[in-house]
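# Coordinate inspection notes
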Amino acid sequence: MFVKGRSLCVCSNGPLRLYRPIGVPLTSIYCGSFGMCISLLTLHFFYRYVAVCKPDKMRYFNGKHIFLTFSPSLFIFVTWSMTTYWPMAPDEMREIHYHDVLMKTFQTNSFEASFVAMMFQDPQTSTWLPSQLLSCAYMSFLMSVCFSVIVFCGYQALKQMRSHASHMSSKTKELNKQLFMTLGIQTLLPVFTMYIPVGCLMILPMFGIELGAAANNAAAFLGLYPALDPLVAILLIKDFRNFVFCKSVTSTYASAVSNTAPPSKILQASRNQSQNK
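Bear in mind the structure is a predicted one, so any value in this text is a computation, not a measurement.

### Some details on the overall build of the chain
In terms of regular secondary structure, the chain is built from nine helices and three strands. What you see in the chain, going N to C, is helices and strands ordered as β-β-α-α-α-β-α-α-α-α-α-α. Classification of the 277 residues of the chain by burial places 43% in the buried group. Taking the intrachain contacts of the chain between residues at least 6 apart in sequence as the baseline, contacts between residues at least 24 apart amount to 74%. As presented, the chain carries roughly 14,700 Å² of accessible surface, and 67% of it is formed by carbon and sulfur atoms.

Structure (structure tokens):
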């Protein structure tokens, strides 16, 4: 990736980079995979919200309903890829604009390589290009919607877990505290590893802020998220941590719950304890 002037270029470095009929669509699909990633992450938080706050709605994740549940992610993936491919495919303007930097930085000939470029302005006439602005607006809209759903679902799940803390036994309360901290950090993690890096990568070129080859750092941050997310649970949930570091597990009940039951079961158990009292 490279940012030059008021534009962003994503160039293929794969074996089919010199065969544009396949290389350019694959590059667009690579861009669309980010849309699928954030939509699946949103679905993950929606599942947590349903499991904790609306356990009676878990049917949406079972049987034939699951295909309908995953359809928004598929829609976002397809539309994001198409929005990247049609308005941003290589043309003479893009080939000339990126020829020097791609050759110097990546030893790639822009007249032959497969790439897509979001160009907010025509580099010769300095006129704004509406198709690129609309594409960026659509992607920003999808990111905003997904981020809003994540924040809402994460907040509601944390609120529900906290409201039932007083009715839990000491062992369940300890596990609930660990889950509370885990969910809170996992809600903030994609903000710093996904939304901020990619958001800056899309918005800063609009204001003429050149990042150059440093734009590739956004992809590095995206690669960090899948590794850091499970580490949060492993390090903060006691039974997971004990297993990884080969320590003895003292909380059999917490171990059983954390490995077999979602947070909704923990909350249900706390409700039953409260009713019995």
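So, next bit.
### Focus: the pairing of strand 2 (residues 7–11)
Among the five residues in strand 2, four count as buried, and that is most of the element. In this structure, strand 1 (residues 2–3) lies alongside strand 2, joined through two bridges in antiparallel fashion. Each residue of the ladder has a partner; that of Val-3, found in strand 2, is Leu-8. With antiparallel pairing between neighbouring strands as the criterion, strand 1 and strand 2 make up a hairpin whose turn holds three residues, including Gly-5 at a positive phi of roughly 60°.

### Digging into the nonpolar core
Counting 47 residues, the largest nonpolar core has Phe-34, Ile-38, Trp-80, Met-143, Met-194, Tyr-195 and Leu-201 as the members making the most contacts within it. Elements represented by at least two residues in this core include exactly strand 2, helix 1 (20–53), helix 2 (65–88), strand 3 (115–119), helix 4 (130–163), helix 5 (170–203) and helix 6 (217–236). Of the residues forming this core, the biggest block, 11 residues, is contributed by helix 1. With residues near it in sequence (within four places) discarded, Tyr-195 still touches Ile-38, Thr-42, Met-143, Cys-146, Phe-147, Ile-150 and Pro-190. Grouped together as the second largest cluster of nonpolar side chains are nine residues, Tyr-98, Phe-115, Ala-117 and Met-119 included.

### A few points about a nonpolar patch on the surface
A cluster of nonpolar side chains, contributed by Phe-221, Leu-224, Leu-228, Leu-231, Leu-235, Phe-243, Val-244 and Phe-245, occupies part of the molecular surface with about 750 Å² of accessible area. For the nonpolar patch, the secondary-structure elements that each account for two or more residues are helix 6 and helix 7 (238–244). Residue contributions to the nonpolar patch peak at five residues, all from helix 6. If you trace the backbone, Val-244 turns up in helix 7.

### Some details on the pattern of salt bridges
Per the stated rule, a full pass over the model turns up four salt bridges. Among the salt bridges present, the one from Lys-4 reaches Asp-100, with a minimum N-O distance of 3.0 Å. Linking Lys-4 in the loop between strand 1 and strand 2 with Asp-100 in helix 3 (residues 92–106), this pair joins segments that are 96 residues apart in sequence. Look at Asp-100 and you get partly exposed, because its relative accessible area is 43%. In this structure, Asp-91 engages Arg-94 in a salt bridge whose closest nitrogen and oxygen atoms are separated by 2.7 Å. When its relative accessible area of 29% is taken as the criterion, Asp-91 is described as partly exposed. The exposure class assigned to Arg-94 is buried, which follows from its relative accessible area of 3%.

### Some points on the side chain of Arg-48
With respect to the element layout, Arg-48 can be found in helix 1. The side chain of Arg-48 is buried and forms no salt bridge, while Asp-229, the nearest opposite charge, is found at 4.8 Å. Beyond its immediate stretch of four places on either side in the chain, Arg-48 contacts Leu-183 and Gln-186.

### Regarding the UniProt feature "transmembrane region" (unreviewed entry) in the chain
When the UniProt feature table is mapped to this numbering, "transmembrane region" (unreviewed entry) covers residues 22–46, 66–86, 137–158, 179–207 and 219–237. End C-alpha to end C-alpha, residues 66–86 measures 31 Å, and it is 100% helix and 0% strand. Within residues 137–158, the helical portion is 100% and the strand portion 0%, while the C-alpha atoms at the span's ends are 31 Å from each other.

Rules of the game
- Residue positions are counted from 1 within each chain, in the order its sequence is given.
- For this predicted model, a pLDDT threshold of at least 70 governs which residues receive local features, and a threshold of 80 or more governs which side-chain atom pairs are given and counted, while totals over whole chains, interfaces and linings are taken from all residues.
- In computing side-chain properties, one takes all heavy atoms of the structure into account and sets aside hydrogens as well as water.
- A helix here means a DSSP run of H or I that spans at least four residues, while a strand means a run of E at least two residues long, and both kinds are numbered starting from the N terminus.
- Between buried and exposed lies partly exposed: a residue is buried under 20% and exposed over 50% of the maximum accessible area for its type, with that area taken using a 1.4 Å probe on protein chains only.
- Working rule for contacts: check all heavy atoms of both residues, and any pair within 4.5 Å makes them a contact.
- Every accessible area reported is derived by Shrake-Rupley at a probe size of 1.4 Å, with residue values counting cover from the shown protein chains alone.
- At least two bridges found by DSSP between two strands is the condition for calling them paired.
- We call a set of buried Ala, Val, Leu, Ile, Met, Phe, Trp, Tyr and Cys residues a nonpolar core when their side-chain atoms join them within 4.5 Å.
- Patch definition: residues with relative accessible area over 30% and no salt bridge; like charges joined within 9 Å; nonpolar side chains (Val, Leu, Ile, Met, Phe, Trp, Tyr) joined within 5 Å.
- Note on definitions: salt bridges are taken to be side-chain nitrogens of Lys or Arg within 4 Å of carboxyl oxygens of Asp or Glu.
- Charged residues are defined narrowly, with Lys and Arg counted positive, Asp and Glu counted negative, and His plus the chain ends left uncounted.
- UniProt positions are given in the numbering used here, feature names are shortened, and annotations may be inferred rather than shown by experiment.

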